[in-house]
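Coordinate analysis (summary)
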Amino acid sequence: MRKWRKIAALSLSAALAAGTLYGCGSSDTAETEAAAETEAAAETEAEAQEAEADAEGGEASSDILELAKADAEAGGKVYYLNFKPEQADQWVELAETYTDLTGVQVDVQTAASNTYESTLKSEMAKSEAPTLFQVNGPVGLATWKDYCRDLSDTELYKNLKSDDYALKDGDEVKSIAYVIETYGIIYNKALLNDYFAADWSTVKSIDELNNFEALKTVADEIQAHKDDLGVLGAFTSAGMDSSSDWRYKTHLANLPIYYEYKDEGIDQSPAIKGTYLPNYKQIFDLYLADATCEPTEIGAKTGTDASSEFALGEAVFYQNGTWAYNDIKDNEVVDEDLGMLPIYIGVEGEENQGLCTGSENYWCVNNKASEADQTATLNFLTWVITSDEGRDMLANQMGFVTPFTTFDEYLPANPLVLADEAYQEAGKTPVSWNFTTMPSEEWKNGVGSALLEYAQGTGDWSGVETAFVDGWKTEYDLAHAE
Amino acid sequence: MSKNIKKYFPIFMLPTLLAFVIGFLVPFIMGIWLSFCKFTTVTDAKFVGLSNYRQAIADPEFMHAFWYTTAFVIVTVIVINVAAFAIAYMLTKKINGSNIFRSVFFMPNLIGGIILGWVWQLLLNSILAIWGKTIVYSPTYGFIGMVLLLCWQQIGYMMVIYIAGLQNIPGDYIEAAKVDGANSRQMLWRIILPSMMPSITICSFLTITNGFKMFDQNLALTNGAPSKMSELLALNIFNTFYGRNGFEGVGQAKAVIFFIAVAVIAVIQNRLTTRKEVQA
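Residues numbered from 1 in each chain as written. Chains lettered and ligands numbered in written order. Predicted model: local features only at pLDDT ≥ 70, side-chain atom pairs only at ≥ 80, totals over all residues. Heavy atoms only, no water.

Helices and strands together make up the secondary structure of chain B, namely 13 helices and 2 strands. For chain B, the spread of C-alpha atoms along the principal axes amounts to about 70 × 70 × 30 Å. Of all 280 residues assigned to chain B, the portion counted as buried reaches 45%. Of the contacts formed within chain B by residues at least 6 apart in sequence, a portion of 70% connects residues at least 24 apart. (Helix = DSSP H or I, 4+ residues; strand = E, 2+ residues; numbered from the N terminus. Buried < 20%, exposed > 50% of the residue type's maximum accessible area, 1.4 Å probe, protein only. Contact = heavy atoms within 4.5 Å.)

Set out below in structure tokens:
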């Protein structure tokens, strides 16, 4: 009896302790599968429409369909690990359309917010690895370049408007951007017009709102008269939950980096000086002070909190990008009331600054997948950017602006995208996405933690400076230690 | 008998053995091998020797997580076992509705850790909101939150084991002690506790390992915030492995160190408590 108990206890302890060694698999990808099922009902309807469209004359894409049918016979499959949760359902829908048309199996999985790298890492180790995956820019590509097929002879590359949207390693085109996005401060035109019309307001029109001083004045006055306007605050909550903190540790942090790069005339750097950190503090302070919640509460605020505050008209300003449209639309705020302002941080000459435009979504085709799968994947992508179904889905349903020449007649109706076009036409200089050159995820996390501690008063601003400047150097050196 | 065992071995043992080898032994050995490698995906690794271990030990966050976890384990083991024993002791007395109480205490154990983490995050945050704070305000808050959560989750489970133990104490002992005029304190310390040592071994073992391995609740409740100061070991390993490119091997090395530490502690604990067991 005793002996057995001892053996049982020992094997128990071995099992439990060793479970720690490998029990960390991430399973966030399961979500879209469930979503796919609920989508099934909507699917049949969409199919019917598509069949009609086909009958009318989808001749342009018939060649690619023939190729794809050959893929299906060769046993080629597509597995796309998607980065953007906002469009998860639409990708599944598009994949099913393709499968119905061609018989090629297309699986789409979407990693939950902030878990793409970890999901990709575990998915790539499987024998059924993604054939199509994404990197977020040059830094992401450095990790995955050994897994990227050369795309230079593909339709994808041939239809690309400019080489600016491709990432290269030597002569090889390793990955290609598929969506151009823009972010800034989204605002509610109706509420802002109420403010302009009020007798207590200093700034009287949107044209005067073109620098940090004006932005601060407007935000402070709205905050002081929030009950008159019927809002909870000028800005939505600056949530530091992982579903929202990237808006500050990555997107907002782009601005001081952009201006520093601009001063130095460079586009990446092993070290950062932090010349514009006081401006970073200034804008972050404004977000904290004139917000819907106390700064000490932001640790618990999520991305959904902020988007619902804005969508329900409880806040006037909301820092986010064109992708947020899907979450805002069909609520209190109508499309005509959506506008986007550049993020002014108080730099000389910022009256001419435009919105932040760029991409952190680059497609890569897995060169370790079987040849049949790679061909099937490339044909799928060609279909996505050339067929009516694919273009309609990307432009109209997902609301993407793409860098492909095939999309000239497909411009999204997303009002936030239109706001960006207006700024470009007015001759404002768009701010480039330099955050793709941030040395590592760890750097972003360090800045994010320091911002949170600063906001809730358990740390001070020097912590952010250290994480920003010293952290950059440490992380850059670690990443380039080879 | 032994002939029968031989005959039926493949039917009864082989599937389990196979599952054990595939699901446990192979990944375990692979894990140890990977801790000496540099890799991006686990199927594509390059041997680098001990450098991962050097980096793991030099990491101040790992050492912080180690001590933070040790403190966490000490507190939870004491609180959970004392509370579970006390409740079990109460519920084996003749109280009305003791079965209902047992079910109620056991129920939290049926909820998954990640959900519990989020539920408690909501609860604690809405209480802390009175003072305008959140659970991630300081690592102490996170610590208390996780202790509360784990206790709430595990006390019921340990209670069930203790109840079974209490009911197994032969009635003769109690009767004999009563006849000899033992008071209730003497009964508890001299009769009940010594007879309960097998249950105590199991419960303390389970609580120690559960405390060290706690992951989901930590991830959902604080996710290490603020600044990784509320990160327990398992989460630290996870974040090293998945959160940083080029650190997969270091994460694996940490996992091996973690395994050895937990195994040593569990064996020592087993020795200590089994020695106190008395043969009935």
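The rest of the description comes next.
It is worth spelling out the overall build of chain A at this point. Regarding its fold elements, chain A presents 20 helices and 12 strands. Taking all 482 residues of chain A together, the buried fraction comes to 56%. Taking the contacts inside chain A whose residues are at least 6 apart along the sequence as the reference set, 75% of them involve residues at least 24 apart. Accessible area of chain A: about 19500 Å², with a carbon and sulfur share of 48%. (Areas by Shrake-Rupley, 256 points an atom, 1.4 Å probe, with all protein chains shown as cover.)

Further remarks concern the interface of chain B and chain A. Taken residue by residue, the interface counts 47 residues in chain B and 40 residues in chain A. Of the roughly 3800 Å² buried where chain B meets chain A, counting both sides, 60% is carbon and sulfur surface. Considering only the side of chain B, the residues that lose the most area to chain A are Tyr137, Tyr242 and Arg244 of chain B, jointly responsible for 16% of the buried surface there. There are 4 salt bridges connecting chain B and chain A. As a salt-bridge pair, Glu442 of chain A and Arg244 of chain B come within 3.7 Å of each other at their nearest N and O atoms. Here chain B is connected to chain A by 9 residue pairs in polar contact (both at pLDDT 80 or more). For the side of chain B that touches chain A, the secondary structure elements donating two or more residues are helix H2 (14-34), helix H10 (197-213), helix H12 (233-243) and helix H13 (248-275) of chain B. (Buried area = accessible area lost by both parts, 1.4 Å probe. Salt bridge = Lys/Arg side-chain N within 4 Å of Asp/Glu carboxyl O. Polar contact = N/O pair within 3.5 Å; in protein donor to acceptor, adjacent residues only side chain to side chain.)

We now examine the domain arrangement of chain B. Residues and elements named next belong to chain B. Here chain B is described as being made up of domain 1 (2-34) and domain 2 (51-275). Once you take the C-alpha centre of each, domain 1 and domain 2 turn out to be 30 Å apart. With 4 residues of domain 1 in contact, the opposing surface of domain 2 contributes 5 residues. Each partner contributes to the roughly 320 Å² buried at the junction of domain 1 and domain 2, and carbon and sulfur atoms together form 68% of this total. Put simply, domain 1 and domain 2 have 0 salt bridges between them. Across the domain 1-domain 2 interface, the total number found is 1 residue pair in polar contact (both at pLDDT 80 or more). (Domains from an automatic or database assignment.)

Attention now moves to the pattern of salt bridges. Using the criterion set out here, one finds 18 salt bridges over all chains in the structure. Note that Lys249 of chain A is salt-bridged to Asp245 of chain A, the shortest N-O span being 3.2 Å. Accessibility classification places Lys249 of chain A together with Asp245 of chain A in one group, the buried group. Overlapping salt bridges, with partners in common, bring together Glu442 and Glu475 of chain A together with Glu61, Lys228 and Arg244 of chain B in one network.

Counting residues in each nonpolar core, the largest one holds 122 residues, and the members touching the most others are Leu192, Ile222, Tyr280, Phe284 and Phe317 of chain A. In terms of residue count, the dominant contributor to this core is helix H7 (residues 139-167) of chain B (12 residues). If we skip the residues at most four places from it in the chain, Leu192 of chain A touches Tyr187, Ile206, Leu209, Val218, Ile222, Val316 and Phe317 of chain A. Grouped together as the second largest cluster of nonpolar side chains are 40 residues, Val179, Ala376, Val384 and Phe400 of chain A included. (Core = buried A, V, L, I, M, F, W, Y, C linked by side-chain atoms within 4.5 Å.)

To continue, consider the domain arrangement of chain A. Residue and element names in this part refer to chain A. Entries for chain A in the domain assignment read domain 1 (52-180 + 359-407) and domain 2 (183-356 + 420-479). Between the C-alpha centres of domain 1 and domain 2 there is a distance of 31 Å. Contacts between the two partners involve 14 residues from domain 1, matched on the other side by 16 residues from domain 2. For the pair domain 1 and domain 2, the two sides together bury roughly 1100 Å², of which 46% comes from carbon and sulfur. Sorting the residues of domain 1 by area buried against domain 2 places Glu86, Asn114 and Val139 first, and these three jointly supply 39% of that buried surface. At the junction of domain 1 with domain 2, the criterion picks out 0 salt bridges.

Glycine aside, residues mostly have negative phi, and peptide bonds are mostly found in the trans state. In the segment running from Ala225 of chain B into Pro226 of chain B, the intervening peptide bond is cis, with an omega of -5°. Examined against the element boundaries, Pro226 of chain B turns out to sit in the loop between helix H11 (216-221) and H12. Positive phi outside glycine occurs at Asp330 of chain A, with the angle close to 65°. Turning to its location among the elements, Asp330 of chain A is positioned in the loop between helix H15 (325-328) and strand E9 (338-341).

All names here are of chain A. Neither face of strand E11 (residues 362-365) is left uncovered, since the one carrying Tyr362 and Cys364 and the one carrying Trp363 and Val365 both have all their residues buried. As paired elements, strand E3 (residues 132-135) and E11 share 4 bridges and run antiparallel to each other. Within E11, the residue paired with Leu132 across the bridge is Val365. (Pairing = 2+ DSSP bridges.)

Take helix H19 (residues 441-456) of chain A next. Note: α-helices contain 3.6 residues per turn, so residues at a spacing of three or four share the same orientation. With 16 residues, H19 of chain A should cover 22 Å at 1.5 Å per step; its first-to-last C-alpha distance of 23 Å lies within 8% of that length. Judged by how many residues are buried, H19 of chain A sits mostly within the fold: 13 of 16 residues are covered. (Expected span 1.5 Å × (residues − 1).)

Here we come to the packing of helix H5 (residues 98-106) of chain B against H7 of chain B. All names here are of chain B. Running from N to C, H5 and H7 point in directions that differ by 140°, and their axes come no closer than 7 Å. Compared by their axis directions, H5 and H7 come out oblique. Each of Arg102, Phe105 and Phe106 in H5 lies in contact with H7, whose residues at this interface are Gly156, Tyr157, Met159, Val160, Ile163 and Gln167. Grouping the amino acids of the contact of H5 with H7 by side-chain chemistry returns 6 nonpolar, 2 polar and 1 charged. (Axes fitted to C-alpha atoms, helices over the stretch in contact; angles between N-to-C directions. Parallel < 35°, antiparallel > 145°, perpendicular 65-115°, else oblique. Nonpolar A, V, L, I, M, F, W, Y, C, P; charged D, E, K, R; others polar.)

Residue and element names in this part refer to chain A. Relative to the helices and strands, Lys174 is located in strand E5 (residues 172-177). Lys174 gets classed as buried once you look at its relative accessible area, which sits at 6%. Polar contacts involving the side chain of Lys174 include one to the main-chain carbonyl oxygen of Cys148, which spans 3.0 Å. Beyond its immediate sequence surroundings of up to four residues, Lys174 is in contact with Leu141, Lys145, Cys148, Arg149, Leu151, Leu167, Lys168, Asp169, Trp363 and Cys364.

For the rest of this paragraph, the subject is the packing of aromatic side chains. Residue and element names in this part refer to chain A. Summed over all chains, the structure comprises 55 aromatic pairs over all chains. With a centroid separation of 6.3 Å and an interplanar angle of 45°, the aromatic rings of Tyr183 and Phe435 are classed as tilted. Residue Tyr183 is found in strand E6 (residues 181-188), and its partner Phe435 is found in the loop between strand E12 (429-432) and H19; the two are separated by 252 residues along the sequence. Across this residue pair, the class does not change: Tyr183 and Phe435 are buried. Their ring planes at 75° and their centres at 5.0 Å tell us that Tyr454 and Trp461 sit as a pair that is edge-to-face. Overall, Trp461 belongs to the buried group, its relative accessible area being 8%. (Phe/Tyr/Trp six-rings, centres within 6.5 Å; stacked < 30°, edge-to-face > 60°.)

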